[in-house]
Amino acid sequence: MKKIFLLTPITIMSFLCLSSPSFASVYIKYSNHDDQKHEMTVQMDGSTKKVTFNSRTSGAATIQGSGKDAVIETSCGKVEVKDDAKIEIKNGCVKVL
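Attention in this report is confined to the structure presented alongside it. (Residues numbered from 1 in each chain as written. Predicted model: local features only at pLDDT ≥ 70, side-chain atom pairs only at ≥ 80, totals over all residues. Heavy atoms only, no water.)

**Here we look at the nonpolar core**
Inclusion rule: Put simply, buried Ala, Val, Leu, Ile, Met, Phe, Trp, Tyr and Cys residues joined by side-chain atoms within 4.5 Å make one nonpolar core. With a 1.4 Å probe rolled over the protein chains alone, any residue whose accessible area is under 20% of its type maximum counts as buried; one over 50% counts as exposed, and the rest are partly exposed. Only DSSP runs of H or I reaching four residues or more are called helices, and only runs of E reaching two or more are called strands; each is numbered from the N terminus. Two residues qualify as a contact provided that any one of their heavy atoms is within 4.5 Å of a heavy atom in the partner residue.
Ile63, Ile72, Val81 and Ile87 are the most contacted members of the largest nonpolar core, which has 18 residues in total. Looking at this core, the elements with two or more residues in it are strand S1 (24-32), strand S2 (38-44), strand S3 (47-53), strand S4 (57-65), strand S5 (69-74), strand S6 (77-82) and strand S7 (85-90). Residue contacts for Val81: discarding those within four places in its chain leaves Val26, Ile28, Asp69, Ala70, Ile72, Ile87 and Val96.

Here's what the structure looks like:
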């Protein structure tokens, strides 16, 4: 009888932990020094998304997907960013800090 009471909570916890879906995203903190907002293409998990960085401001953007890194396409080239990255935008170019 004691074994059943001990095994039941362990079984339930294992089921809940293993059956829950895993979510991932890339969170970017940015500082845009340009007078214009930039809409940049971001590649993540084989799909393409658009991210807007507002002008003359600091902020954050979250790119939804199943990975922990993404590639931002700019006029200056492609820049790889990882989750919780800090970037700076000047003259339309992205620099990872």
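What follows continues from the structure just given.
**Notes on the environment of Cys93**
Looking at the secondary structure, you find Cys93 in strand S8 (residues 93-96). Separated by 19 residues in the primary sequence, Cys93 and Thr74 place their C-alpha atoms 6.2 Å from one another. Ignoring anything within four residues of it in the chain, the contact list for Cys93 reads Cys76 and Glu88.

**Overview of the sheet that holds S8**
For the record, the criterion: A pair of strands is labelled paired if DSSP reports no fewer than 2 bridges between them. To get an axis, fit a line to the C-alpha atoms, keeping to the stretch in contact for a helix; angles then go from 0 to 180 degrees between the N-to-C directions.
The strand order S4-S1-S7-S8 describes an open sheet built from 4 strands, whose pairing is mixed. What marks the edges here is a single partner per strand, and that holds for S4 and S8. Going from strand to strand, the sheet's axes swing by 30 degrees on average, the running direction of each strand aside. Direction of pairing for S7 relative to S8: antiparallel, over a ladder of 4 bridges. Residue pairing in the sheet places Ile87 in a bridge with Val96 of S8.

**What to know about the side chain of Ser31**
Note the cut-off: In the analysis that follows, any N or O atom pair within 3.5 Å is treated as a polar contact, provided that within protein one partner can donate a hydrogen and the other can accept it, and provided that, for residues neighboring in sequence, both atoms belong to side chains.
Here Ser31 shows up in strand S1. Here His33 takes part through its side chain, which lies 3.4 Å from a polar atom of the side chain of Ser31. Beyond its immediate stretch of four places on either side in the chain, Ser31 contacts Thr57, Ser58, Ile87, Glu88 and Ile89.

**Digging into unusual backbone geometry**
Of note in the backbone geometry, Asp84 takes a positive phi value of approximately 65 degrees without being a glycine. Here Asp84 falls in the partly exposed class, since its relative accessible area comes to 45%. The backbone of Asn91 shows a phi angle near 55 degrees, a positive value even though the residue is not glycine. Along the chain, Asn91 falls in the loop between S7 and S8.

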